[in-house]
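Observations on the model geometry
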Amino acid sequence: MVLEDLVGYESQKQKLIENTQAFVEGRQVNNVLLYGDAGTGKSTSVKAILNQYYGRGLRMIEVYKHQFKDLSKVIAQVKNRNYRFIIYMDDLSFEEFEIEYKYLKAVIEGGLETKPENVLIYATSNRRHLIRETWSDRSDMSQDELHRSDTMQEKLSLAGRFGVSIGFFKPSQKEYFDIVTTLAARYPEITLSREELCGEANKWELSHGGISGRTAEQFIRYLRGKASA
């Protein structure tokens, strides 16, 4: 899959292309956070951008939250290679008690070792600020910490370390129908009219998690399977 296969979200895809293009060309770039509603194509976009630039030396390393303490070691392993590496973190978020964000923040800010120019960080999250806020976070005093709001600000500042933030949000019903009809047009075995497609797509989303690009793709897979039965 490449980005052209993802229907809609043209401005979001363009921002991702511009940043990645600059990266593979050795120009100055920013770490990227793709945030927003579930099923809108955030992870798909990152994987598609790898496919699009793989032939130009782009590689990707997916790192999970429990591995963040080893981020510096991972970067040290690839910093002198001829490829350009995106460190990818999917579905990134932190609960109140988790401290792994400190490792990520240290790497982004440079820490003891400056992040090499052939390494970039891309992350996806359903949370704009990555970390869940609670009402106790908004209080200046608590039993265990007098300046809890300072801790909250430290956590929230992580999202600000991503120079580019790209929002992906749930499509409108019209946009959902446009995604469905565009995808259906790629498969000749789907012979329903637009009116029939939209009617069936509406029924599908009501019982399969609501409107999203992911729901549209699942509906199309259902129709293709039904057509080949």
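The following refers to the structure shown. Bear in mind that the values here come from a model prediction, so they are computed numbers and not experimental data.

Before going further, it helps to examine the environment of Lys-65. Relative to the helices and strands, Lys-65 resides in the loop between β2 (58-62) and α3 (71-78). Classification of Lys-65 by relative accessible area gives partly exposed; the value is 26%. For the pair Lys-65 and Glu-98, spaced 33 residues apart in the sequence, the C-alpha separation amounts to 9.9 Å. If we ignore the near neighbours within four places in the chain, the residues touching Lys-65 are Ser-93, Phe-94, Glu-98 and Glu-100. A polar contact is formed between the side chain of Lys-65 and the backbone oxygen of Ser-93, at a distance of 2.8 Å.

Within the element layout of this structure, Ser-93 appears in the loop between β3 (84-89) and α4 (101-109). The buried category is assigned to Ser-93, whose relative accessible area is 18%. Apart from the residues within four sequence positions on either side, Ser-93 is in contact with Lys-65, Glu-98, Ser-125, Arg-127 and Leu-130.

Sheet strands pair via backbone hydrogen bonds, and the direction of the pair is either parallel or antiparallel. The strand order across the open sheet formed by five strands is β2-β3-β4-β1-β5, and the pairing between neighbours is parallel. In this open sheet, the two strands that pair with only one neighbour each are β2 and β5 (164-168). Neighbouring strand axes in the sheet, compared pairwise and without regard to direction, differ in orientation by 20° on average. Here strand β1 (residues 32-36) pairs with β5 via five bridges, running parallel. Residue pairing in the sheet places Leu-34 in a bridge with Ile-166 of β5.

For the rest of this paragraph, the subject is the pairing of strand β4 (residues 119-125). Counted residue by residue, β4 has seven buried out of seven residues, so it is predominantly covered. Inspection of the sheet shows β1 paired to β4 by four bridges, in the parallel sense. Its bridge partner being in β4, Tyr-35 is matched across the sheet by Ser-125. Judged from the five bridges that link them, β3 and β4 form a sheet pairing that is parallel. Of the residues in β4, the one forming a bridge with Tyr-88 is Tyr-122.

Packing of helix α6 (residues 173-184) against helix α8 (residues 213-227) leaves a shortest axis separation of 9 Å and a crossing angle of 35°. Taken as a pair, α6 and α8 cross one another with a handedness that is right-handed. Packed against α6, whose contacting residues are Tyr-176, Ile-179, Val-180, Leu-183 and Ala-184, the element α8 presents Gly-213, Thr-215, Ala-216, Glu-217, Phe-219 and Ile-220 at the interface. Class assignment for the residues of the contact of α6 with α8 results in eight nonpolar, two polar and one charged.

What counts, and where the lines are drawn
- Residues numbered from 1 in each chain as written.
- Predicted model: local features only at pLDDT ≥ 70, side-chain atom pairs only at ≥ 80, totals over all residues.
- Heavy atoms only, no water.
- Helix = DSSP H or I, 4+ residues; strand = E, 2+ residues; numbered from the N terminus.
- Buried < 20%, exposed > 50% of the residue type's maximum accessible area, 1.4 Å probe, protein only.
- Contact = heavy atoms within 4.5 Å.
- Polar contact = N/O pair within 3.5 Å; in protein donor to acceptor, adjacent residues only side chain to side chain.
- Pairing = 2+ DSSP bridges.
- Axes fitted to C-alpha atoms, helices over the stretch in contact; angles between N-to-C directions.
- Left-handed = near helix turned anticlockwise from the far one by under 90°.
- Nonpolar A, V, L, I, M, F, W, Y, C, P; charged D, E, K, R; others polar.

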